[in-house]
Amino acid sequence: MLEDELRKTFEELNIQPPPRSFGAVDIVHRGVRIKRRRRAYAVAATGTGTAMVAVVVAFALNQPPNGDSGPAGPPGPASSSSTPVPTSPTTTPGDATSSTVEGPASSSPNPSLPLTTSPDPMSTTTPTTTRTTSPQTTASSTSTEQPLLTTTRS
Amino acid sequence: MSWDAEFTHYFDRCADSMRFTAFLLCGNHHEAEDVVQSAFLKLYLAGPKLAQREGLDAYLRQIVVRTFLAERRRVRWKREKLTDALPEVPVAGSLSEDKLVVWQALSAVPAKQRATLVLRYWHDLGVEETAAALGCSVGTVKSNTNRGLKALRQRLGPEFGELWQEVRRGA
């Protein structure tokens, strides 16, 4: 059989092997050198990658902001002078009631408040505050509180 | 025991047998030494990561065979080209004439079929172990064995079988 002939041929070839030209020390030295080179490559690649990421982040943070993408600021003077804000009548008695609970002194017009009627171009709420502190609204609020007090005592 | 000491001990124990396996695969001692050096270097680099050290023989044999196959698979322009016959023919003096004919016929067998024949008839590995060492299926090992033996028979010619039968009857 050819398989047996192959085995015998292999056995005869193994009788006188020539001497080795390398040893384990050579392999270990080459391996240590390759390991050192791989470690150096890894350190260099990591440092380069970190530096590139830092550069990209710094570039992204130092970029000047665009006018459209920034946060919304206060409206300009042209838009404020166009239409005054209408005052709802339901909020006025609420504010008056809260002022009467604190005491009658608060219902009187405070002289320290800026009640000047000079038109302020920056603030559009100036006519609203002058209406809530008017004595007419405080009088109506006190008249509505009296029936509530009489019902609790009886 | 550190890995370097363990590797040195293992190298002293297995280097000769692995070198002969590489010689059977490659056909000459020079290429066999290159293959074995590469295989031991790969083993040294992979050694600290190995989970178990029991199957080192099979692992090293697998590295040798795959290194040999990778070397043969490389493109032709990267390989060294021999422009003439090697100055030394160490095999011719130690082999009888019929064995020399078999050895020369084996050099004409393709690399993977040759690796299959060496693993099966020199290392006496089974079909499954050969398949694991070569990284192929069991059916591929069987077909490679069949094709390798067929190529050997074609190379040796029909008269070799008759001659071998006569030698066997005379013995």
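For every chain, the first residue of the written sequence is number 1, and numbering continues from 1 onward in sequence order. Each chain takes a letter, starting from A, and each ligand takes a number, starting from 1, following the order in which they are written. With the structure being a predicted model, the display of local features is reserved for residues of pLDDT at least 70 and the display and counting of side-chain atom pairs for 80 or more, all residues being used for whole-chain, interface and lining totals.

### Overview of the overall build of chain A
Inference 1: Only runs of H or I of at least four residues qualify as helices and only runs of E of at least two qualify as strands under DSSP, and these elements are numbered from the N terminus. Within chain A, the regular secondary structure consists of 7 helices and 0 strands.
Inference 2: Moving toward the C terminus, one meets the helices and strands of chain A in the order α-α-α-α-α-α-α.
Inference 3: Here, residue contact means that the backbone-derived C-beta atoms of the two residues sit within 7 Å. Within chain A, counting contacts between residues at least 6 apart in sequence, those at least 24 apart form 83% of the total.

### Here we look at the overall build of chain B
Inference 1: If you tally the helices and strands in chain B, you get 9 helices and 0 strands.
Inference 2: Three exposure classes are used, based on other C-beta atoms lying within 10 Å of a residue's own C-beta, which is placed from the backbone: buried for 20 or more, exposed for 12 or fewer, and partly exposed in between. For chain B, the residues scored as buried account for 29% of the 171 residues in total.
Inference 3: If you take every contact in chain B between residues at least 6 apart in sequence, the share linking residues at least 24 apart comes to 65%.

### Observations concerning the interface of chain A and chain B
Inference 1: Each side of the interface is counted separately: chain A has 24 residues, and chain B has 31 residues.
Inference 2: Within the residue set of the side of chain A that touches chain B, elements represented by two or more residues are α1 (2–13) and α2 (24–61) of chain A.
Inference 3: The biggest single contributor to the side of chain A that touches chain B is α1 of chain A, with 10 residues.

### Focus: the packing of α2 of chain A against helix α1 (residues 3–26) of chain B
Inference 1: Where α2 of chain A contacts α1 of chain B, the axes come no closer than 9 Å and their chain directions differ by 140°. Of the possible angle classes, the one that applies to α2 of chain A and α1 of chain B is oblique. Note on packing geometry: the crossing formed by α2 of chain A with α1 of chain B is right-handed. Residue-level contacts link A24, I27 and V28 of chain A of α2 of chain A to D4, F7, T8, F11 and D12 of chain B of α1 of chain B.
Inference 2: When residues are grouped by polarity, Ala, Val, Leu, Ile, Met, Phe, Trp, Tyr, Cys and Pro land in nonpolar, Asp, Glu, Lys and Arg in charged, and all others, Gly among them, in polar. For the contact of α2 of chain A with α1 of chain B, the per-class residue count stands at 5 nonpolar, 1 polar and 2 charged. Lines fitted to the C-alpha atoms define the axes, with helices restricted to the stretch that makes contact. Angles between their N-to-C directions range from 0 to 180 degrees. For classification purposes, an angle smaller than 35 degrees is called roughly parallel, one larger than 145 roughly antiparallel, one from 65 to 115 roughly perpendicular, and anything else oblique. Crossing chirality is assigned from the near helix's rotation relative to the far helix, an anticlockwise turn below a right angle marking it left-handed and a clockwise turn marking it right-handed.

### As for α1 of chain B
Inference 1: By this rule the span expected of a helix is its residue count minus one, scaled by 1.5 Å. Spanning 24 residues, α1 of chain B covers only 29 Å between terminal C-alpha atoms, well under the ideal 34 Å at 1.5 Å per step.
Inference 2: At any given residue, the bend is defined as the angle formed between two axes, one fitted to the seven residues that end at that position and one fitted to the seven that begin there. Roughly 50° is the biggest bend found in α1 of chain B, and it falls at C14 of chain B.
Inference 3: Within α1 of chain B, burial applies to F7, F11, M18, R19, T21, A22, F23, L24, L25 and C26 of chain B.
Inference 4: Residues of α1 of chain B that are buried sit in contact with α1 and α2 of chain A together with α2 (29–46), α3 (56–73) and α6 (111–121) of chain B.

### Describing the nonpolar core
Inference 1: Formed by 40 residues in total, the largest nonpolar core has its most connected members in A22, A39 and V64 of chain B.
Inference 2: Put simply, the parts of the chain that give this core at least two residues each are α1 of chain A together with α1, α2, α3, α5 (97–106), α6, α7 (127–134) and α8 (138–156) of chain B.
Inference 3: Among the elements that line this core, the one with the most residues is α1 of chain B, at 8 residues.
Inference 4: Each residue touching V64 of chain B, except ones within four places of it in the same chain, is listed here: M18, T21, A22, V35, V36 and A39 of chain B. Note on terminology: a nonpolar core is any set of buried Ala, Val, Leu, Ile, Met, Phe, Trp, Tyr and Cys residues joined through C-beta atoms within 7 Å.

### Some points on the confidence of the model for chain A
Residues and elements named next belong to chain A.
Inference 1: Residue-level confidence of the predictor is what pLDDT reports, using numbers from 0 through 100. The predicted model of chain A averages 66 in pLDDT, with 45% of residues at 70 or higher.
Inference 2: For residues 92–109, every residue scores under 50 in pLDDT, and the model assigns this stretch 23 contacts once sequence neighbours within four places are set aside.
Inference 3: Contacts of residues 123–154 to residues separated by more than four positions or lying in other chains number 29 contacts, the stretch itself having pLDDT below 50.

### A closer look at the environment of N28 of chain B
Inference 1: Looking at where N28 of chain B falls in the secondary structure, it is placed in the loop between α1 and α2.
Inference 2: Take N28 of chain B: there are 16 C-beta atoms within 10 Å of it, and that puts it in the partly exposed class.

### Here's the deal with the environment of L24 of chain B
Residue and element names in this part refer to chain B.
Inference 1: Checked against the element boundaries, L24 lands in helix α1.
Inference 2: Judged by C-beta crowding, with 24 C-beta atoms within 10 Å, L24 ranks as buried.
Inference 3: A C-alpha to C-alpha distance of 8.6 Å links L24 and R114, two positions 90 residues apart in sequence.

### Regarding the packing of α1 of chain A against α5 of chain B
Inference 1: Here α1 of chain A crosses α5 of chain B at 100°, and the two axes come no closer than 10 Å. Taken together, α1 of chain A and α5 of chain B sit at an angle that is classed as roughly perpendicular. Packed against α1 of chain A, whose contacting residues are E5, L6, K8, T9 and E12 of chain A, the element α5 of chain B presents K99, V102 and W103 of chain B at the interface.
Inference 2: Of the residues in the contact of α1 of chain A with α5 of chain B, the class split is 3 nonpolar, 1 polar and 4 charged.

### So, α7 of chain B
All names here are of chain B.
Inference 1: The set of residues buried in α7 consists of T130, A131, A133 and L134. Down the axis of α7, the sector holding all buried residues measures 165°, keeping them to one side.
Inference 2: Next to the buried residues of α7 lie α3, α6 and α8.
Inference 3: Immediately downstream of α7, the backbone of G135 shows phi near 75°, a positive value. The directions from the helix axis to the C-beta atoms form the arc being described.

### With respect to unusual backbone geometry
Residues and elements named next belong to chain B.
Inference 1: If you check the backbone angles, D124 has positive phi at about 55° while not being a glycine.
Inference 2: Tracing the backbone through its elements, the reader meets D124 in the loop between α6 and α7.
Inference 3: Judged by local crowding, D124 falls into the exposed class, with 9 C-beta atoms found within 10 Å.

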